[in-house]
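Below, each chain spelled out in residue letters.
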4 protein chains.
Amino acid sequence: MALKSGNEYIESLKNLDPKIYLGDKKVRLLENPTTMTVVKANAKVYDMALDPKYEEVMSAYSPLVEEKVGRSNYIYSSRDDLLKRAQMAVLTSQVLGTCNYRCPGADALTALASTTYEMDNKLGTEYNKRFNNFLKHVQKNDLACSGALTDVKGDRSKRPTQQDPDMYVRVVDKNEKGIIVRGCKINQSGAIASHETIVFPTTSFREGEEDYALSFAVENGSMGMTYISQYTPFTAERALASDIRELGNPEYGVRETSMVVFEDVFIPWERVFMCGEVKFTRKAVERFTRSHRMNCGGACKSGFADLMIGAAQSIAEYLGIENASHVRDKITEMIRIRETSYACAIAAAVSGEEEPKGSGVYIPNEMYGNVAKVNSIYGFWDLMEMVGDIAGGLSVTAPSERGFKNPEISSYLEKYLKAAAPADKRLRITKFIQNWIAGLHGAGTWHGAGPLQTQKMAIYRDFDLENAKKMAKELAGISEKEESRAW
Amino acid sequence: MALKSGNEYIESLKNLDPKIYLGDKKVRLLENPTTMTVVKANAKVYDMALDPKYEEVMSAYSPLVEEKVGRSNYIYSSRDDLLKRAQMAVLTSQVLGTCNYRCPGADALTALASTTYEMDNKLGTEYNKRFNNFLKHVQKNDLACSGALTDVKGDRSKRPTQQDPDMYVRVVDKNEKGIIVRGCKINQSGAIASHETIVFPTTSFREGEEDYALSFAVENGSMGMTYISQYTPFTAERALASDIRELGNPEYGVRETSMVVFEDVFIPWERVFMCGEVKFTRKAVERFTRSHRMNCGGACKSGFADLMIGAAQSIAEYLGIENASHVRDKITEMIRIRETSYACAIAAAVSGEEEPKGSGVYIPNEMYGNVAKVNSIYGFWDLMEMVGDIAGGLSVTAPSERGFKNPEISSYLEKYLKAAAPADKRLRITKFIQNWIAGLHGAGTWHGAGPLQTQKMAIYRDFDLENAKKMAKELAGISEKEESRAW
Amino acid sequence: MALKSGNEYIESLKNLDPKIYLGDKKVRLLENPTTMTVVKANAKVYDMALDPKYEEVMSAYSPLVEEKVGRSNYIYSSRDDLLKRAQMAVLTSQVLGTCNYRCPGADALTALASTTYEMDNKLGTEYNKRFNNFLKHVQKNDLACSGALTDVKGDRSKRPTQQDPDMYVRVVDKNEKGIIVRGCKINQSGAIASHETIVFPTTSFREGEEDYALSFAVENGSMGMTYISQYTPFTAERALASDIRELGNPEYGVRETSMVVFEDVFIPWERVFMCGEVKFTRKAVERFTRSHRMNCGGACKSGFADLMIGAAQSIAEYLGIENASHVRDKITEMIRIRETSYACAIAAAVSGEEEPKGSGVYIPNEMYGNVAKVNSIYGFWDLMEMVGDIAGGLSVTAPSERGFKNPEISSYLEKYLKAAAPADKRLRITKFIQNWIAGLHGAGTWHGAGPLQTQKMAIYRDFDLENAKKMAKELAGISEKEESRAW
Amino acid sequence: MALKSGNEYIESLKNLDPKIYLGDKKVRLLENPTTMTVVKANAKVYDMALDPKYEEVMSAYSPLVEEKVGRSNYIYSSRDDLLKRAQMAVLTSQVLGTCNYRCPGADALTALASTTYEMDNKLGTEYNKRFNNFLKHVQKNDLACSGALTDVKGDRSKRPTQQDPDMYVRVVDKNEKGIIVRGCKINQSGAIASHETIVFPTTSFREGEEDYALSFAVENGSMGMTYISQYTPFTAERALASDIRELGNPEYGVRETSMVVFEDVFIPWERVFMCGEVKFTRKAVERFTRSHRMNCGGACKSGFADLMIGAAQSIAEYLGIENASHVRDKITEMIRIRETSYACAIAAAVSGEEEPKGSGVYIPNEMYGNVAKVNSIYGFWDLMEMVGDIAGGLSVTAPSERGFKNPEISSYLEKYLKAAAPADKRLRITKFIQNWIAGLHGAGTWHGAGPLQTQKMAIYRDFDLENAKKMAKELAGISEKEESRAW
């Protein structure tokens, strides 16, 4: 069986040598406490696929390699697959309390399976064949794939060709063996700890922008690739922790991203899955986002919501306020938000379609995926607000749990921070809550799976306004036939 | 084939003689313009089941009578049935722009199919047998059944037995042939134009309240039944209309309800489906609300939303503002609200369960049904707000279209109310919009399928808080085993 | 003393002969039940100025005529005047439960006092002299003035000169004696029952649009003027009422508006206050809206909110649910909304300024006036939602109180609609609530004092973004001096 | 002149020796980078009172010492004073981007001026005399006073006497010279860097709880006092910063609070201002909160909003999206939120009252103070959401600006993070934004000036529901006189 354990995954990372910078220092993936949170989260995902409790959701049988593969490396081939995919996103969020780091890669694989199939059909290219060879390699070796979408973009009021041409990743040269690429992908969650990175267009491109219509796979640590990691207050807090058990999410931390710089990186043709086909960029991106908004936008956040609801109820009990009507009312509202996001993800899954017909690849419904994302982010700040309301001011003013180790103040902490529960438990759950409400999750959730405005555009575009007008006018008694705009 | 046409339905009503009061007058069902809107809506529903365009959704094959029956008289026996049921609710809303009047009855039939099955199994009663006989009668004759849930309740701070005992419908006497019932159901949508009324408990009852644990079917117009209909500004407007085409929803009007008084009405035992089994009232009500919140709470309102969105886009075009960014933004938000409600209804359907096991009866998921309802009503006022914003002040200040008939002012109306469309079309769609935003729909939607507070209680109760706490504590590193409240 | 009583006002109306159409019929102001609601509301406002309980707010000493005048005819000359003006708006709303019909006129008078002063100063015109003569006439005779702003506008995507030239009221001819005007003002609240109408530009005009830069006063019933009144379900309900005590707001009804058509109406020069000065239209409109958004947008709605809160608490007590935590929570939220609107109105008043300097005319602060309006309308639908939640479904399904007069059903109504209060009281307050939540108030409030988008533009324009950027950059440590857009 | 400069203030701190713990270490106030942010913020406030640009707002003439004093040590004696007080809160927020650390102290002084006056009048005590002596000392020496309200409270379901008696600060002994106090105040913003701490009840107490009805002043560093400071990710980030210019708010950081433990601290009688008078605790607390909700709850957050709006507009320009309609719309909404909070603060100030009559002490209006707070916190998460939306994902994923110092990656940062502005500016304002949206401000703002539920209770209590009911019933035509609950 090809499925790796967490330890085997960690072992496999030793063969890679990614150039990672954090702050102003170069760091080693398996040594730095912050980069290690990504490794641990990935390792846990590997372990979950082997755990009988989770395996049905976390793995799937792949006809391509005729064995079980991790669900993140699996191409969805039915609505039921899509539903399981959404469940996987909930489950990993519940278990990790942070990014599972595999969604963009998984969603890029599916979008490529669909789009390369269509390109080969229509253009007579060999992208799908190459892609399937690559996919076999990934599935057989149970590799972690990162999906790299977001370009740095530069001046948003300009097209790629109207400014520094490297603001979107592009082909700068080609030869018989392959292509040379340059540019930078940003907001890359967990890319530092994956085996492969799937580069994919961030948006649709137009004629004249062929150099940007580009998709390929590249091994982590390839020559010319540099990671510059995010640096947040949480990076510092972890660096200074005497014990990770003082931290809000001890093992898995916050979502860690990086910029991935491609300085003239060579990609052999067998790893190139799109190169110049601008007309297919819109569909490729759309297929990616349809999956990604269901998974990362909707389902994943339901798992986070579960943790916030659980924490809210826990702290309420610790404080002795769990029966207050306003507390119950807030928890009810938190549940409503959680279930709304997940209901939209379910609707996206069960309304998914084979795309294109004959490909065998299933993609979630676009409308519900986008609506899932929008509801998740509208609700997420409210979740933060409500668990913060219940937890009280201590959620931002808590002293360090390290204080328990100093006898000059430990008895003060024990005496004065006890409530209906002892001080240590109360402080622990409070720190856990701080991680949710006084940190990166709000804005991170907002932007994960793309900015709101893109979802709004998709929602407007996807709805059949003509039909809605027709129904309204029919009922109102307005005759249709003269309805051309020549009133 | 048993399915009636709309005309056959109307014909069949002539055999009934319901006592209906409107204002201070007794009125005849088939003669009064307001009661006729209910008849027309019902007739349209009958016709839709025969229309090839709609029949797949509007009818279903019933094994009980071995033929096709109207979906409102069908017992859901799979998740796919539930999904079709939700689609039916959307569809009738789109076509009627008002209540289809059949949901409470349909949802009561299904709840009874499930609950009588369970009662017979556990108690050895014959309720299910009676119910199936009744159902055959209904299906074979394609009867319209109204569901009567809401009791008048009296003083809400008191239980049924602590006040006038008739504030909830109850058994006042029994004999060998049947029972005598007294009380009043209120907010009965369309009951005046149904063939049968299925009376059902409005809430769960406790020991000592056996007289209220009561369900039965009664033919419309039975001795002792009196309908007192709602009287609203719309009743008056229709009464005074010179032509229904001046009205906001010309054919089908607003949802018409009535109080149904039962003054010592005799019900034969073969029509009694629950009588005293207080322990089963909770489940019975829960099963009803699970269906009803999916259908009436969630899906139905998506159909209304389609009409409001269509009207918003139409008036925007008529005014020449359809490309203004704030208009597109509002329409996008209207779509988001619409699709959220429907996504929750879909989730309720595809997560439905056979209940109880072995019964063959499928009931939608409770959580998503309740969430569907809550999202619908939170969003509905917003829909009203947005279409009203786009339509402008004329949505409340419009003169009557009757003015076109008076030559002293018709040219003024034509000249001064034209915009990017002629005045008549603009005024027509504006009146249609008025019907949605300056009338009964907001509060009506809010209360349809039960008050918000009951949905909140269901949502709180349905969520697994213990599991959420467990996941949060596990990730935070708080040991479970000492978690009993003896900290 | 010049102040008229309500009866004297009604008497004075007999001298006017406005051409009013309602539906397709011509009606007489003092005879039709709907037009009479406007007369009664106006009469009440007259009486309030003479009532010792209200006179301090409702009247003011005018140095121009050296006596007390109604506050609606008074030019605000201090911040305290502005505060009293806001209080007047609250007070009349509380007493009438509908429009007091005098705000647009009052706000137009003040805007003209300010703008004619400035025009005369800068252009050497005589508008201010004319205006003061007119104002003396108004004050001495205690005349009711309507303010007519909103033009019909036609196709919103076109300027006045790009379409039928009459879509905005304009000068079509001039001679030595005066001007001839044509066009139509719409949404004119209560204009039918005022003595004078002050016509005023609806928006700012540009060079080439001089014919539209127009302000004048015209006596109600002047030759060429025609009123076409709104016709709503409430018009019909009142027409059919056997007793006004069955109606939601028995005496004063809903806000009644009309279109006012000017078909080549002659206006003598002494009543013309602006004619062609396009450059002053922006300021004139801005001064009007600054007052109007404080009064009609903010303060007035606080008075309505008081009535809705009072009704919510009353029905809660009648139903026996006033101590339920969710009821108290909703009432608390209703109060928050109410007080927020009024706080913004207060801020607008106490931050008002003399404008222009030397004129002695005080105008409320623009930002707070606009914010008052926006908060009012965002909150208003919420108020409707909450009082409707508390009142229950009966707020839309109530039978007519006329039913109490029919012995066949009166005992049913008494028995089955009693709660913790008798049925008649419960039904009465429910009907009162219906008037607020299932009728014209939501959309009417939204559009009163102008569409949301204009308030948004004012808010954006009024804020000192440059200063905000400067403060942010200073604190962030970004040097200002290189901040020109030539980065 | 008594007013200290910032440097003089810092100099004066050298005479104090507070026992401060941060993490598990004892730290020195003037040496630790985190504690120094508090010192610097305080010093800036001192300097502002001497700066001609700010002095009118930041200082006031005190008749008590017959000279100018810092406004935080001044007793408000008019509505204009209250308005200036609100302006001060805005101003310091704009300049510091964090807490000015003086509001609780200032608001406690005013509440004591009022309450000790009333106690002496009614009880013949000498509290007011003592208080004025203390106040003179404070004013003459321009001392920074911290206000200590929030007790740790322990189990919220229990009263102070039903649990560990030290969960609320209390008197444990008394003698002729003074009292001995024990307990712990929590969430004490900036107390570590003040000269004096004014201890004040956190809530009203009942008979039997006299030991808790306690107010006194104590010098920072008195024997028995220990500070245990909050420890957040921001503490660590500052500790590890190579240059404070890498930080989100370089000079003044985030709001720093601590627990203040009183272990049997001796307080001489001349510093005791309340001791056992349980009946006066409700009024004392109410007067404090009336000021504090206007200042800290409402006005202060308007200043923060200015910074967020300024940052939003700056980053929009840096990215080249400042003219996108959705960006302008978001900024408009941010302004609306900002101005609403401030309008409520203005209303609270100009509706303030002398309290009690004769005292000369002015206290803001309770309703508007509470409404200001609630609107601020409801809006604050929205502000965060919107500036985060505009800033993009980089607001959480930004690499450290320290990277510019490493030549291996600096050119990558410059190249790939430039937009319509150079990378350094864009990264700087992004880090500034991160400080607002991905940190302590959301939950901190929510709880500052007390939890929401207390504001809700005040709003409900403060509104005249009886009068609102009366107005509604009058208009509805319901007779008042029979309205006693004996229906």
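Every chain is numbered independently, its residues counted from 1 as its sequence is written. As they are written, the chains are lettered A onward and the ligands numbered 1 onward, keeping that order. Local features in this predicted model are restricted to residues of pLDDT 70 or higher, and side-chain atom pairs are both shown and tallied only at a pLDDT of 80 or more, whereas totals for entire chains, interfaces and linings draw on every residue.

What to know about the sheet that holds strand 9 (residues 214-219) of chain C
Residues and elements named next belong to chain C.
- One open sheet holds the four strands; their spatial order is 5-8-9-12, and the pairing between them is mixed. Among the strands making up the open sheet, the edge pair consists of strand 5 (145-148) and strand 12 (272-275). Strand after strand, the sheet turns through a mean of 20° between neighbouring axes, direction not considered.
- The contact rule is simple: place each C-beta atom from the backbone, and if two of them lie within 7 Å, those residues are in contact. Note on geometry: axes are C-alpha line fits, over the in-contact stretch for helices, and angles between N-to-C directions span 0 to 180 degrees. Numbering of helices and strands runs from the N terminus, with a helix taken as a DSSP run of H or I at least four residues long and a strand as a DSSP run of E at least two residues long. Packed on one face of the sheet, helix 6 (residues 127-140) meets strand 5, strand 8 (196-199), strand 9 and strand 12 and runs near 145° to strand 12. Only strands joined by at least two bridges in the DSSP assignment are considered to pair.

Thoughts on the environment of Gly-224 of chain A
All names here are of chain A.
- Following the sequence through the fold, Gly-224 ends up in the loop between strand 9 (214-219) and strand 10 (225-229).
- Neighbour counting defines burial: a residue surrounded by 20 or more other C-beta atoms within 10 Å of its own C-beta is buried, one with 12 or fewer is exposed, and intermediate counts give partly exposed, using backbone-placed C-beta atoms. With 15 C-beta atoms packed within 10 Å, Gly-224 lands in the partly exposed category.
- On a C-alpha basis, the gap between Gly-224 and Lys-19 in space is 9.3 Å, while along the polypeptide they are 205 residues apart.
- Contact partners of Gly-224, with chain neighbours within four places excluded, come to Phe-262, Glu-263, Asp-264 and Val-265.

Details of the relation of the copies chain D and chain A
- Residues reaching a pLDDT of at least 70 in both copies supply the C-alpha atoms on which the copies are superposed by least squares. Relative to chain A, chain D is turned by 180° and slid 0.0 Å along the rotation axis, the superposed coordinates differing by an RMSD of 0.0 Å. Such values leave the two copies arranged in the relation of a two-fold axis.
- Comparing contact sets, 100% of the residues at the interface of chain D also lie at the interface in chain A, consistent with an isologous, same-surface contact.

Quick look at the sheet that holds strand 2 (residues 25-27) of chain A
- Strand order in the open sheet formed by six strands is 2-1-10-11-7-6 (chain A), with mixed pairing between adjacent strands. The open sheet has two free edges, formed respectively by strand 2 and strand 6 (170-174) of chain A, since each of these has just one partner strand. On average, each strand axis in the sheet is tilted by 20° relative to the strand beside it, whichever way the strands run.
- By the bridge criterion, nine bridges tie strand 7 (residues 178-189) of chain A to strand 11 (residues 257-268) of chain A in an arrangement that is antiparallel. By the bridge assignment, Gly-178 of chain A is partnered in strand 11 of chain A with Pro-268 of chain A.
- Along the sheet, helix 12 (residues 407-416) of chain D contacts strand 1 (20-22), strand 7, strand 10 and strand 11 of chain A; its crossing angle with strand 10 of chain A, the most-contacted strand, is approximately 80°.

So, the interface of chain C and chain D
- Opposite the 51 residues of chain C that make contact, chain D presents 51 residues.
- Secondary structure elements with two or more residues in the side of chain C that touches chain D: helix 8 (281-319), helix 9 (325-350), helix 10 (366-391), helix 13 (423-437), helix 15 (452-462) and helix 16 (465-476) of chain C.
- Ranked by residue count, the leading element in the side of chain C that touches chain D is helix 9 of chain C, at 12 residues.
- The classification used treats Ala, Val, Leu, Ile, Met, Phe, Trp, Tyr, Cys and Pro as nonpolar, Asp, Glu, Lys and Arg as charged, and all other residues, Gly among them, as polar. Of the residues in the side of chain C that touches chain D, the class split is 31 nonpolar, 10 polar and 10 charged.

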